[in-house]
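A structural walkthrough
Each chain, letter by letter, is given below.
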Amino acid sequence: HTEPEAITLNVKDFGAFGDGVHDDTSAIQAAILCCPENARVLIPKGTYPVTALFLKSDMILELQENAVLAGIYDRARIPILAGQIEYDNEDGYYNLGSWEGNPIDSFASMITGIHVKNVTICGKGVLDGRADFENWWSRPKDKIRAWRPRMIFLNHCENITVVGVTVQNSPAWNLHPLMCENVLIEEVQVRNPSYAQNGDGLDLESCKNTLIVNSTFDVGDDGICLKSGKDEDGRIRGRVCENVVVDGCTVFKGHGGFVVGSEMSGGVRNVSVSNC
């Protein structure tokens, strides 16, 4: 069913060009920040170069058919998410960035959610990172200012739906929910070339209650992967990846179709994979 919607905010009303030339990051971010509760930010047909967009709670982000968010490669313009910032909590630090299971500085992703709730990313549009060996993959084992971004990175989020969109050509992993709860991935198409560096399709890390259904993955590394942190940091965190249902999915190419680990120091349990 269709949820009630109070208002739609079209990013072009906020100054986005959608011409494939102008940097539309600030215009789209303004629309997101101005979005009232349970309303929709609409990205209409066009190509929108962006660096990193940050979600807020209680919103819908819709990419219309033939709408493309196109990644901008410029390390000097992309925000860095710190892996550890001193913080008076049980961990002793505030974690934003992550790289292969450790709390490490990384670039913000094209779509970034930090401690947000009740968010839907939907539509028939495309998130295209435009990664290649001329930019992100030229030195894949080197940290250059920070580690490479993902396409969608969700950190400590709840009630998240990603449905219908195509995600492709990511600088690293395509979809990375980290320590999230109640996640639905449905009818998503994920594509990376076979030679992509760390080009996983979906990496579900230390999450609880996830449905991954009717989606396709054609990537250069693992297709669907469950993780829960790496080595000592993962053990200290102690967050299990649990209650996962994978159904009706297809992996065309990848190092593994459905993979548990590596980086699984917190454990993995209660998983069902069927009709794939």
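Because the structure is a prediction, the values reported are computed rather than measured.

1. Some details on the overall build of the chain
- Of regular secondary structure, the chain possesses two helices and 27 strands.
- Taken against the 2.2 N^0.38 rule, which gives 19 Å for 276 residues, the C-alpha radius of gyration of the chain at 17 Å falls within 12% of a compact globule.
- Taking the principal axes of its C-alpha atoms as reference, the chain extends roughly 50 × 45 × 40 Å.
- For the chain, the residues scored as buried account for 53% of the 276 residues in total.
- Considering only contacts within the chain whose residues lie at least 6 apart along the sequence, 69% involve residues at least 24 apart.
- For the chain, the computed accessible surface area is about 11700 Å², with 46% contributed by carbon and sulfur atoms.
- Charged side chains of the chain number 24 positive and 37 negative; the gap between the two group centres comes to 3 Å.

2. Things to note about the side chain of Asn155
- Its place among the elements puts Asn155 in strand S14 (residues 152–155).
- For Asn155, a relative accessible area of 0% translates into the label buried.
- A distance of 3.0 Å separates the side chain of Asn155 from the backbone oxygen of Leu96, its partner in a polar contact.
- If sequence neighbours within four positions are ignored, Asn155 has contacts with Asn95, Leu96, Gly113, Ile114, His115, Leu178 and Cys180.

3. Focus: the layout of surface pockets
- Approximately 500 Å³ is the volume attributed to the largest pocket.
- Surrounding the largest pocket, 22 residues form its lining, Glu3, Pro4, Met59, Ile60 and Thr120 being those nearest its centre.
- Here the lining of the largest pocket gets five residues from one element, more than from any other, and that element is strand S12 (residues 117–123).
- Partitioned by chemical class, the residues of the lining of the largest pocket number eight nonpolar, nine polar and five charged.
- Contributing to the lining of the second largest pocket are 18 residues, with Asp91, Tyr93, Asn95, His156 and Met179 lying nearest its centre.
- Counting only elements with at least two residues in the lining of the second largest pocket, the list comes to strand S9 (93–94) and helix H2 (231–237).
- In terms of residue count, the dominant contributor to the lining of the second largest pocket is H2 (three residues).
- Within the lining of the second largest pocket, the residues separate by chemical class into seven nonpolar, six polar and five charged.

4. Let's talk about helix H1 (residues 25–33)
- Listing the buried residues of H1 in full gives Thr25, Ala27, Ile28, Gln29, Ala31 and Ile32.
- In the core, the buried residues of H1 are packed alongside strand S1 (8–10), strand S2 (39–43), strand S3 (46–50), strand S4 (53–54), strand S5 (59–63) and strand S6 (67–71).

5. Concerning the pairing of strand S24 (residues 241–247)
- Summarising the sheet, strand S21 (residues 208–213) and S24 pair through five bridges and their orientation is parallel. Bridging from a neighbouring strand, Thr210 pairs with Val244 of S24.
- Direction of pairing for S24 relative to strand S27 (residues 268–274): parallel, over a ladder of six bridges. Bridge pairing links Val244 to Val271 in S27.

6. Examining the nonpolar core
- Counting 52 residues, the largest nonpolar core has Ile28, Ile43, Leu69, Ile111, Leu127, Ile152 and Ile212 as its most contacted members.
- Broken down by element, this core gets its largest block of residues, four residues, from H1.
- Not counting chain neighbours up to four residues away, the residues in contact with Ile28 comprise Val11, Ile43, Tyr48, Val50, Leu53 and Leu69.
- One finds Leu81, Leu96, Ala108 and Leu178 within the second-largest nonpolar core, a separate group that totals eight residues.

7. Considerations on the sheet that holds S3
- With parallel pairing, the seven strands of this open sheet are ordered in space as S3-S6-S13-S16-S19-S22-S25. In this open sheet, the two edge strands, each paired with only one partner strand, are S3 and strand S25 (250–253). Across the sheet, the mean angle separating the axes of adjacent strands is 15° when strand polarity is ignored.
- Relative to strand S16 (residues 166–168), strand S13 (residues 126–128) is paired through three bridges, and the arrangement is parallel.

8. Considering the sheet that holds strand S15 (residues 158–163)
- Reading across from one edge, S1-S2-S5-S12-S15-S18-S21-S24-S27 is the order of the nine strands in this open sheet, with parallel pairing throughout. Looking at the sheet topology across the chains shown, the edges are occupied by S1 and S27. In this sheet, neighbouring strand axes are inclined to one another by 10° on average, regardless of whether the strands run parallel or antiparallel.
- One ladder, built from five bridges, connects S2 with S5; its direction is parallel. Paired with Ala39 across the two strands is Met59, which belongs to S5.

9. A word on the pattern of salt bridges
- Evaluated as defined, the whole model comprises eight salt bridges.
- The partner of Arg77 in a salt bridge is Asp23, and the shortest N-O contact between them spans 2.5 Å. Of this pair, Arg77 sits in the loop between S6 and strand S7 (80–81) while Asp23 sits in the loop between S1 and H1; the two residues are 54 residues apart in sequence, bridging distant segments of the chain.
- Take Arg77: its relative accessible area is 43%, and that puts it in the partly exposed class.
- When its relative accessible area of 33% is taken as the criterion, Asp23 is described as partly exposed.

Cut-off values and rules
- Residue numbers here run from 1 along each chain, matching the order of that chain's written sequence.
- Under the rules for a predicted model, residues below a pLDDT of 70 receive no local features and side-chain atom pairs below 80 are neither given nor counted, while totals for whole chains, interfaces and linings still include all residues.
- For the side-chain quantities, the full set of heavy atoms in the structure was used; hydrogens and water were omitted.
- The helix and strand labels rest on DSSP assignments: H or I over at least four residues marks a helix, E over at least two residues marks a strand, and numbering proceeds from the N terminus.
- Radius of gyration here uses only the C-alpha atoms, and the compact-globule reference equals 2.2 Å multiplied by the residue count raised to the power 0.38.
- Accessibility here uses a 1.4 Å probe with only protein chains present; expressed as a share of the type maximum, an area under 20% marks a residue as buried, one over 50% as exposed, and anything in between as partly exposed.
- Every residue pair with non-hydrogen atoms within 4.5 Å of one another is taken to be in contact.
- Reported accessibility uses the Shrake-Rupley method at a 1.4 Å probe radius. Residues are deemed covered only where the shown protein chains occlude them.
- This count recognises Lys and Arg as positive and Asp and Glu as negative, with His and chain-terminal groups excluded.
- By convention, the charge on Lys lies at NZ, on Arg at CZ, on Asp at CG and on Glu at CD.
- Here a polar contact is recorded for every N or O atom pair within 3.5 Å, except that within protein the pair must consist of a potential hydrogen donor and a potential acceptor, and residues adjacent in sequence are included only if both atoms are side-chain atoms.
- Lining residues are those with an atom within 4 Å of a point, where the points come from a 1 Å grid over the protein atoms alone and group into cavities, where a 1.4 Å probe fits but cannot get out, or pockets, open sets with protein on both sides within 12 Å along at least five of seven lines.
- Grid points are joined across faces, edges and corners, and a volume is the space filled by probe spheres set on the points.
- Each residue gets one label: Ala, Val, Leu, Ile, Met, Phe, Trp, Tyr, Cys and Pro are nonpolar, Asp, Glu, Lys and Arg are charged, and the others, such as Gly, are polar.
- Strands pair, by our definition, only if DSSP identifies at least two bridges between them.
- What is meant by a nonpolar core is a set of buried Ala, Val, Leu, Ile, Met, Phe, Trp, Tyr and Cys residues, joined one to another through side-chain atoms within 4.5 Å.
- Structural elements are reduced to axes, namely lines fitted to C-alpha atoms, with helices fitted over the stretch in contact, and the angle between N-to-C directions of any two is expressed from 0 to 180 degrees.
- By definition here, a salt bridge exists when the distance from a side-chain nitrogen of Lys or Arg to a carboxyl oxygen of Asp or Glu is within 4 Å.

Nothing here speaks to function; it is all geometry.
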